[in-house]
Amino acid sequence: MIGNAFRKIRRDVGFRYGRRLRQFNYWLVARVAMIIISALRLLPPDRALNFADSAARRIGPWVARHQVAVDNLRKAYPEKSDAEIEAIASDMWGNMARLAAEYIFLDALFDYDPTATKPGRVEVKGVEHFVRIAGEDKPHIVFTGHLGNFELLPVAAATFGMNITALFRPPNNPYLADYILSTRRSSMGSLLPSSTGASFALAAILEKGGNIGVLVDQKFTGGLETTFFGRPCESNRVLGTLARHYDCDVYPARCVRLPNNRFRLEIEDKLTLPRTAGGSVDVRATTQLLNDVVERWVREDPGQWMWFHKRWEISGRKKRRPATVRDKAA
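Since we're looking at a predicted model, the values are computed, not measured. (Residues numbered from 1 in each chain as written. Predicted model: local features only at pLDDT ≥ 70, side-chain atom pairs only at ≥ 80, totals over all residues. Heavy atoms only, no water.)

## Things to note about the overall build of the chain
Thinking step 1. When you go through the chain residue by residue, the secondary structure sums to 12 helices and nine strands.
Thinking step 2. Out of the 330 residues belonging to the chain, those deemed buried represent 47%.
Thinking step 3. Counting only contacts in the chain whose residues sit at least 6 apart along the sequence, the fraction spanning at least 24 positions is 75%.
Thinking step 4. For the chain, the computed accessible surface area is about 17,700 Å², with 56% contributed by carbon and sulfur atoms. (Helix = DSSP H or I, 4+ residues; strand = E, 2+ residues; numbered from the N terminus. Buried < 20%, exposed > 50% of the residue type's maximum accessible area, 1.4 Å probe, protein only. Contact = heavy atoms within 4.5 Å. Areas by Shrake-Rupley, 256 points an atom, 1.4 Å probe, with all protein chains shown as cover.)

## Here's the deal with helix H2 (residues 45–59)
In an α-helix, one turn spans 3.6 residues; hence positions three or four apart end up facing the same way.
Thinking step 1. Helix length check: H2 (15 residues) gives 21 Å between terminal C-alpha atoms against 21 Å at 1.5 Å per residue, within 8%.
Thinking step 2. Taken as a whole, H2 has its buried residues at Ala 48, Leu 49, Ala 52, Asp 53 and Ala 56. Each buried residue of H2 sits inside an arc of 135 degrees when the element is viewed along its axis, so together they form one side. For H2, the exposed residues set more than 90 degrees away from the buried face come down to Arg 47 and Arg 58. (Expected span 1.5 Å × (residues − 1). Arc of directions from axis to C-beta.)

## Describing the confidence of the model for the chain
Thinking step 1. The predicted model of the chain has a mean per-residue pLDDT of 86, with 82% of residues at 70 or higher.
Thinking step 2. Across the chain, helix H11 (residues 283–300) holds the top mean pLDDT of 98, while helix H12 (residues 325–329) sits lowest at 42. (pLDDT = per-residue confidence, 0-100.)

## Focus on the packing of helix H3 (residues 65–76) against helix H4 (residues 82–102)
Thinking step 1. Contact geometry for H3 and H4: axes closest at 10 Å, N-to-C directions at 125 degrees. The angle between H3 and H4 places the two elements in the oblique class. Handedness of the crossing formed by H3 with H4: right-handed. Packed against H3, whose contacting residues are Arg 65, His 66, Ala 69, Val 70, Leu 73 and Arg 74, the element H4 presents Asp 82, Ile 85, Glu 86, Ile 88, Ala 89, Met 92 and Trp 93 at the interface.
Thinking step 2. For the contact of H3 with H4, the class distribution of residues is eight nonpolar, one polar and four charged. (Axes fitted to C-alpha atoms, helices over the stretch in contact; angles between N-to-C directions. Parallel < 35°, antiparallel > 145°, perpendicular 65-115°, else oblique. Left-handed = near helix turned anticlockwise from the far one by under 90°. Nonpolar A, V, L, I, M, F, W, Y, C, P; charged D, E, K, R; others polar.)

## Thoughts on the nonpolar core
Thinking step 1. Ile 141, Phe 143, Leu 242 and Trp 307 are the most contacted members of the largest nonpolar core, which has 60 residues in total.
Thinking step 2. Looking at this core element by element, the count peaks at nine residues for H4.
Thinking step 3. Ile 141 has contacts with Leu 206, Ile 212, Leu 239, Leu 242, Ala 243, Cys 248, Asp 249, Val 250 and Tyr 251, leaving out every residue within four places of it along the chain.
Thinking step 4. The next biggest cluster of nonpolar side chains, apart from the first, holds 22 residues, and it includes Leu 106, Ala 157, Met 162 and Ile 164. (Core = buried A, V, L, I, M, F, W, Y, C linked by side-chain atoms within 4.5 Å.)

## Describing the packing of aromatic side chains
Aromatic ring pairs are defined here through the distance separating the ring centres and the angle between the ring planes.
Thinking step 1. Going through the model one piece at a time under the given rule, you end up with 13 aromatic pairs.
Thinking step 2. Between Trp 93 and Phe 308, the ring centres sit 5.4 Å apart and the planes meet at 10 degrees, which makes this aromatic pair stacked. Of this pair, Trp 93 sits in helix H4 while Phe 308 sits in the loop between H11 and H12; the two residues are 215 residues apart in sequence, bridging distant segments of the chain. Summarising the burial analysis for this pair, Trp 93 and Phe 308 share the class buried.
Thinking step 3. Directly above the ring of Phe 228 sits Arg 311, whose terminal nitrogen or CZ lies 5.7 Å from the centroid. (Phe/Tyr/Trp six-rings, centres within 6.5 Å; stacked < 30°, edge-to-face > 60°. Lys NZ or Arg CZ within 6 Å of the ring centre and 35° of its normal.)

## A look at the pairing of strand S6 (residues 224–228)
Thinking step 1. Only one face of S6 is covered, namely the one carrying Leu 224, Thr 226 and Phe 228; the face carrying Glu 225 and Thr 227 has none of its residues buried.
Thinking step 2. In this sheet, strand S7 (residues 231–235) lies alongside S6 in antiparallel orientation, the contact comprising five bridges. The partner of Leu 224 across the bridge, within S7, is Ser 235.
Thinking step 3. Counting the residues in the hairpin turn of S6 and S7 gives two residues, including Phe 229, whose phi is positive at 55 degrees. (Pairing = 2+ DSSP bridges.)

## Some remarks on the environment of Asn 211
Thinking step 1. Position of Asn 211 among the secondary structure elements: in strand S5 (residues 211–215).
Thinking step 2. Owing to a relative accessible area of 8%, Asn 211 belongs among the buried residues under this scheme.
Thinking step 3. Sequence separation between Asn 211 and Thr 165 is 46 residues; the distance between their C-alpha atoms is 6.3 Å.
Thinking step 4. In this structure, Asn 211 is in contact with Ile 133, Lys 138, Pro 139, His 140, Met 162, Asn 163, Ile 164, Thr 165 and Ile 205, ignoring residues within four places of it in sequence.
Thinking step 5. Separated by 2.8 Å, the side chains of Asn 211 and His 140 make a polar contact.
Thinking step 6. For Asn 211, the side chain forms a polar contact with the main-chain oxygen of Asn 163, separated by 3.0 Å. (Polar contact = N/O pair within 3.5 Å; in protein donor to acceptor, adjacent residues only side chain to side chain.)

## Quick notes on the environment of Tyr 251
Thinking step 1. With respect to the helices, strands and loops of the structure, Tyr 251 is situated in strand S8 (residues 249–258).
Thinking step 2. Separated by 121 residues in the primary sequence, Tyr 251 and Phe 130 have C-alpha atoms spaced 9.9 Å apart.
Thinking step 3. Ignoring any residue separated from it by four or fewer positions in sequence, one finds Tyr 251 in contact with His 129, Arg 132, Ile 133, His 140, Ile 141, Val 142, Phe 143, Ile 267, Glu 268, Asp 269 and Lys 270.

## Here's the deal with the side chain of Glu 268
Thinking step 1. You can see Glu 268 is positioned in the loop between strand S9 (262–267) and H11.
Thinking step 2. At 2.9 Å, the side chain of Glu 268 forms a polar contact with the side chain of Arg 296.
Thinking step 3. Excluding residues within four positions of it along the chain, Glu 268 makes contact with His 129, Tyr 251, Pro 252, Arg 254, Arg 296 and Trp 297.

This is the structure:
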């Protein structure tokens, strides 16, 4: 009994100090990030973004996630040489560094004016869709992936008077999460952190005739079995489920980086969602369709996607319960 008591005390102490060490590490990383951000603020936007890109291309190959990105690229492009794979990975690190630096200059970078006669830093393709969604008194779903600066899409939506609530996953680091959330709220519409119960919150917005924006290209543990680049993966069923329940229009949208720190925001025609024999939205087929759209985007410019995410990692938890009516409808 005494031995068990000592082991319990050791576990409790280890947990307590482990948690404090993790919090200190979060704080330290955030402080370093804030120092870098403060230094970048001293530069003009273009110089700051170009510097971040150049630095990330040098540092990226030395971080652990670089190997994850390279492995993923080899799975997606088995026909490409090692040099081609490394070139795409380098572009990815430059893109991610620009995305981080662009938080600082978000308001200055977004200069799109629907009435302007001269093109600015941001151009928009599919203006008619933004206008239509903003003018229709019914719910809509807009989805995108981690491509280019996807944060500019809700800013564009607000420009056209489109009220949208974007679902996002905050960083694990609580100090960085607070900073990013405050930055995003200063320029965008409503934001909804991805957490338990988020799907119910999204449903409540659609129930009231609102619009939601969702990122659909991340691994979702225990999600529907789908494919991406021809390989098995797990995907979140929430968008398909909501589209089926509310029978609302679903629009694909993305951001494309252009030379000289410019951007093209694109919103495409609404999707024709696959249906079951009974006429309702087929959730599984719709979820696969979303993957197919994102894959098309990524193939057009692979260096603008987040390859260090473990998209093809399977949770390994097999569902052993009998199929339910809900499963069959999916």
